[in-house]
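# Per-entry structural report
For reference, the chains in residue letters:
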Amino acid sequence: MSSAALPEPEAGWLASEVELELPGVRLLHCETAVGRSGALTGDSPADIEARLRELSNGVRGARAVGIRREPVPAAYRVFFRQVGMDPDVQRTPIEAAVVERMVRGGFATAGMLEDIRLIAMLDTGVPVWALDSDRVDGPLGIRVSRDGETLGAGKDPPLLSEGRLVVADSGGALAVLFGDLAPGHEPLAKTRRVTLFAIQVPGVPGLYAEEALWSCVNALQAP
């Protein structure tokens, strides 16, 4: 499928305090139907497993050690420090994936949706997250968590500390920025519509973030 046939990612909203304190950060999101016949959490089709093996062979030794110095991973490291996270303690998503690849000797399959997200990140450097579209209420954005707010609204949702950066819709917080999704909002095996989002930080070209989303959409829509 050509990129011309794929949905155009939309820019999410930013709370005024986020826009002021973090100029250049952007949330991109899009919604897509799932065309694959298998369960999203089940085994990956052969083409996805083959691509994951190919990427495993391409990330070895020197590339794995030096990946943090590549422009896109380096931009996420800078952003982590800007928002108070130490990337040497809480690794950026791509560094965490590469470390796991070195430990396991390859990128281990974790189910179709997780493999598709991993492939998109390895190809672009930009992490992508997925939500069940039926659990999303309106466009996504980034804001600061409120006093007493919970992550999601399911049964016994975890309490958020005040002042955390979160991805939210009109109903509440759906994810901690670069952290956990709200319980009950993640796509399940039989989910048929998925909302994808990526966080573009300063130093990351917009095309890379868009391509990461398109990669996921393309793979999910394939019959």
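Structure's up top.
Residues numbered from 1 in each chain as written. Predicted model: local features only at pLDDT ≥ 70, side-chain atom pairs only at ≥ 80, totals over all residues. Heavy atoms only, no water.

Time to look at the overall build of the protein. Scanning the protein from terminus to terminus reveals seven helices and eight strands. In terms of overall dimensions, the protein is globule-like: its C-alpha atoms have a radius of gyration of 17 Å, near the 17 Å expected for 223 residues. On the principal axes, the C-alpha backbone points of the protein span a range of 45 × 40 × 35 Å. For the protein, buried positions account for 48% of its 223 residues. Counting contacts in the protein only where the partners sit at least 6 residues apart, residues at least 24 apart contribute 71% of the total. For the protein, the computed accessible surface area is about 10,600 Å², with 52% contributed by carbon and sulfur atoms. The positive charge centre, built from 22 side chains, and the negative charge centre, built from 30, are 7 Å apart in the protein. (Helix = DSSP H or I, 4+ residues; strand = E, 2+ residues; numbered from the N terminus. Rg over C-alpha atoms; globule rule 2.2 N^0.38 Å. Buried < 20%, exposed > 50% of the residue type's maximum accessible area, 1.4 Å probe, protein only. Contact = heavy atoms within 4.5 Å. Areas by Shrake-Rupley, 256 points an atom, 1.4 Å probe, with all protein chains shown as cover. Lys, Arg positive; Asp, Glu negative; His and termini not counted. Charge placed at Lys NZ, Arg CZ, Asp CG, Glu CD.)

Moving on: the nonpolar core. Where a protein is soluble and globular, its nonpolar side chains tend to be buried together. Counting residues in hydrophobic clusters, the biggest one holds 63 residues, and the most contacted among them are Phe 178, Leu 196, Phe 197 and Ile 199. Excluding residues within four positions of it along the chain, Ile 199 makes contact with Val 25, Arg 26, Leu 27, Tyr 76, Val 126, Pro 127, Trp 129, Ile 142, Val 167, Leu 177 and Phe 178. (Core = buried A, V, L, I, M, F, W, Y, C linked by side-chain atoms within 4.5 Å.)

As a further point, take the packing of helix α2 (residues 46-58) against helix α6 (residues 112-124). The interhelical angle for the contact between α2 and α6, taken along N-to-C directions, is 40°, at an axis separation of 10 Å. What the angle tells us is that α2 and α6 run oblique. The handedness of the crossing between α2 and α6 is left-handed. Only Met 112, Asp 115, Ile 116, Leu 118, Ile 119, Leu 122 and Asp 123 of α6 make contact with α2, whose side of the interface consists of Ile 48, Arg 51, Leu 52 and Leu 55. Among the residues forming the contact of α2 with α6, the class breakdown is eight nonpolar, no polar and three charged. (Axes fitted to C-alpha atoms, helices over the stretch in contact; angles between N-to-C directions. Parallel < 35°, antiparallel > 145°, perpendicular 65-115°, else oblique. Left-handed = near helix turned anticlockwise from the far one by under 90°. Nonpolar A, V, L, I, M, F, W, Y, C, P; charged D, E, K, R; others polar.)

Our next topic: the pattern of salt bridges. According to the stated counting rule, one finds twelve salt bridges in the structure shown. With its nearest N and O atoms 3.8 Å apart, the salt bridge here joins Asp 88 to Arg 81. Between Arg 117 and Glu 114 there is a salt bridge, and its shortest N-O distance comes to 2.7 Å. With Arg 117 and Glu 114 both in helix α6 and three residues apart, the pair spans about one turn of that helix. Taken together, the shared-partner salt bridges connect Arg 68, Arg 77, Arg 81, Asp 88 and Glu 95 into one network. (Salt bridge = Lys/Arg side-chain N within 4 Å of Asp/Glu carboxyl O.)

What follows covers unusual backbone geometry. With phi around 50°, Asp 156 is a residue other than glycine that occupies positive phi space. Of note, Asp 156 is situated in the loop between β5 (141-144) and β6 (165-169). Despite not being glycine, Phe 178 shows a phi value in the positive range, around 60°. Of note, Phe 178 is situated in the loop between β7 (172-176) and β8 (193-200).

Turning our attention to helix α4 (residues 71-82). Over its twelve residues, α4 extends 17 Å from the first C-alpha to the last, a length consistent with the 16 Å expected when each residue adds 1.5 Å. Where α4 is concerned, the buried positions are Val 72, Pro 73, Ala 75, Tyr 76, Arg 77, Phe 79 and Phe 80. Packed against the buried residues of α4 are α5 (93-104), α6, β8 and α7 (206-221). Just beyond α4, the residue with positive phi is Gly 84, at close to 90°. (Expected span 1.5 Å × (residues − 1).)

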